[in-house]
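# Structural description and commentary
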Amino acid sequence: MLQRAEFSSGALKSTDQKRTGVQDMKLWSVLGNSQKLDGGAMFGNAPRAMWAKWAPPDEHNRIDLACRALLASPLNGKTVLFEAGIGAFFEPKLRERYGVVEERHVLVDSLAAAGFQPDDIDVVVLSHLHFDHAGGLLAPWAEGQAPHLLFPNAGYLVGREHFERAKQPHPRDRASFIPELVGLLEATGRLELVDGQYSKMLGKTVRFHYSDGHTPGLMLAEIVGPEMVNGEPHGGVVFCADLIPGRPWVHVPITMGYDRNAELLIDEKKSFLADMLARNVHLFFTHDPQCALAQVTQDEKGKFGTAHEVAELHARMLTA
């Protein structure tokens, strides 16, 4: 039986197969601006009678969504932010259209509460460049002010395939991208395009998986766990991004109306969850308002679910 990894405020437990790079690392779940989006769009072809039990809608049929980032420090000797949420870059009319709740830049406040400033971030890992995952990179909207990045010292990791998509979006998802962002990232001189399992910036501490069902080249970052079993890392954390936005989407047939290829996504999700279950890698959710972290389960009928759900992470250490 595989040993279950847990998150603890204590030190990393002793093991004969400890991995380097995570012994002193702490994790924070960092909330950004929240959203209210149409429940039907978020649950694709699932009937309202089903999804309303998971996410009760308001009078406009909108459901509450978080835009949660993951902060890890030190990871490969760096302070690393996984995604940046939607932020506050929209002008007021668009902020209302896209259901952004708060006017201020919540991510910056949340980082400060954890003891960090934008200047402290060494690396930002972006699963993809849709505005609800990358908009938090930008300063809040101000009349007459051009968009500019908030993290002056950070290097940026983006999947190469997805970056090409962001440069030339398809009409179906063009509105999901921030037109200025590609150029701003390139202009930093600190952009690394990733097309394999590992990056130069983070080395062997973070392993990347890829998915095309939501958007081409979606990059799923796995903080490699503290144990090696048969040459495979166990007990880590994976940022699920929009492959699995929250607990309801762990159910394999549930997809979003925003997904580019729902059938492909279902196949990818099934393989992904089976891998995370076998290696006891915990799931980190960006859009689930109540749950940041959970362990994968599977019942006797093969249906995936979650257990050991955690609402927030505050300077938690990864133990084995």
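Residues numbered from 1 in each chain as written. Predicted model: local features only at pLDDT ≥ 70, side-chain atom pairs only at ≥ 80, totals over all residues. Heavy atoms only, no water.

This part covers the pairing of strand β4 (residues 62-65). Along β4, the buried face is formed by I63 and L65; none of R62 and D64, which line the opposite face, is buried. Alignment of strand β3 (residues 35-38) against β4, held across 4 bridges, turns out to be antiparallel. Within β4, the residue paired with Q35 across the bridge is L65. (Buried < 20%, exposed > 50% of the residue type's maximum accessible area, 1.4 Å probe, protein only. Helix = DSSP H or I, 4+ residues; strand = E, 2+ residues; numbered from the N terminus. Pairing = 2+ DSSP bridges.)

Its location among the elements puts L129 in the loop between β7 (123-126) and α5 (131-134). Its relative accessible area of 2% is what places L129 among the buried residues. In this structure, L129 is in contact with A134, V158, H162, F163, A166, S176, F177, L181, V182 and L185, ignoring residues within four places of it in sequence. (Contact = heavy atoms within 4.5 Å.)

Peptide bonds are, in most cases, trans, and in most cases residues other than glycine have a negative phi. Look at the link from S73 to P74: it is a cis peptide, with omega at -10°. Within the secondary structure, P74 is located in strand β5 (residues 68-75). Residues other than glycine seldom take positive phi values, yet N61 does so here, at roughly 70°. For H308, which is not a glycine, the phi torsion comes out positive at approximately 50°. Among the secondary structure elements, H308 is positioned in strand β17 (residues 304-310).

Moving on to empty space enclosed by the protein. Enumeration according to the criterion identifies 2 cavities of 30 Å³ or more in this entry. Along its surface, the largest cavity is lined by F82, E83, V125, L126, S127, M219, A221 and F239. At the level of elements, β7 and β11 (218-223) are the ones that each hand at least two residues to the lining of the largest cavity. Of the residues assigned to the lining of the largest cavity, the class counts are 6 nonpolar, 1 polar and 1 charged. (1 Å grid on protein atoms, 1.4 Å probe; cavity = no way out; pocket = protein on both sides within 12 Å on 5 of 7 lines; lining within 4 Å. Points joined across faces, edges and corners; volume = space filled by probe spheres on them. Nonpolar A, V, L, I, M, F, W, Y, C, P; charged D, E, K, R; others polar.)

In this section: the sheet that holds strand β16 (residues 293-298). The mixed open sheet is built from 6 strands, whose spatial order is β10-β11-β14-β15-β16-β17. With one partner strand each, in any of the chains shown, β10 (206-211) and β17 form the two edges of the open sheet. Strand-to-strand twist across the sheet, computed as the mean angle between neighbouring axes with direction ignored, equals 30°. Two elements, β16 and β17, share 5 bridges in a ladder whose sense is antiparallel. Its bridge partner being in β17, Q298 is matched across the sheet by F304. (Axes fitted to C-alpha atoms, helices over the stretch in contact; angles between N-to-C directions.)

Here we come to the environment of I86. Locating I86 in the fold gives a position in the loop between β6 (78-82) and α3 (92-97). For the pair formed by I86 and N33, sequence separation is 53 residues and the distance between their alpha carbons is 6.1 Å. With near-sequence residues (within four places) excluded, I86 lies in contact with N33, Q35, C67, V100, F131, D132, G135 and G136.

Next up on the list: the side chain of E268. Its place among the elements puts E268 in helix α8 (residues 262-278). R260 is the oppositely charged side chain nearest to the buried, salt-bridge-free E268, at an N-O distance of 7.8 Å. A distance of 3.0 Å separates the side chain of E268 from the backbone nitrogen of G213, its partner in a polar contact. Apart from the residues lying within four places of it in its own chain, the contact partners of E268 are S211, D212, G213 and L243. (Lys, Arg positive; Asp, Glu negative; His and termini not counted. Salt bridge = Lys/Arg side-chain N within 4 Å of Asp/Glu carboxyl O. Polar contact = N/O pair within 3.5 Å; in protein donor to acceptor, adjacent residues only side chain to side chain.)

Here the focus is the confidence of the model for the chain. Looking at the chain as a whole, its pLDDT mean stands at 92, while 92% of the residues score no less than 70. Here residues 1-20 is modelled with pLDDT under 50, and outside its nearest four sequence neighbours on either side it reaches 57 contacts, counting other chains as well. (pLDDT = per-residue confidence, 0-100.)

This part covers the layout of surface pockets. Taken as a whole, the largest pocket encloses approximately 470 Å³ of empty space. Every residue lining the largest pocket is counted, 23 residues in all, and those nearest its centre are H130, D173, S176, H214 and Y258. Secondary structure elements with two or more residues in the lining of the largest pocket: β3 and α5. Classifying every residue of the lining of the largest pocket gives 9 nonpolar, 7 polar and 7 charged.

What follows deals with the nonpolar core. If you look at the biggest cluster of nonpolar residues, it comprises 57 residues, and the most contacted ones within it are F82, V125 and L283. Per element, the largest residue contribution to this core is 5 residues, and it comes from β11. One finds W28, L71, F151 and I178 within the second-largest nonpolar core, a separate group that totals 36 residues. (Core = buried A, V, L, I, M, F, W, Y, C linked by side-chain atoms within 4.5 Å.)

Right, let's talk about the state of the cysteines for a bit. Evaluated as defined, the whole model comprises 0 disulfides. C67 takes part in no disulfide bond, and the closest cysteine sulfur to it belongs to C240, at a distance of 15 Å. For C67, a relative accessible area of 1% corresponds to the buried category. Unpaired in this structure, C291 has its nearest cysteine sulfur neighbour in C240, at a distance of 10 Å. Owing to a relative accessible area of 1%, C291 belongs among the buried residues under this scheme. (Disulfide = S-S within 2.5 Å.)

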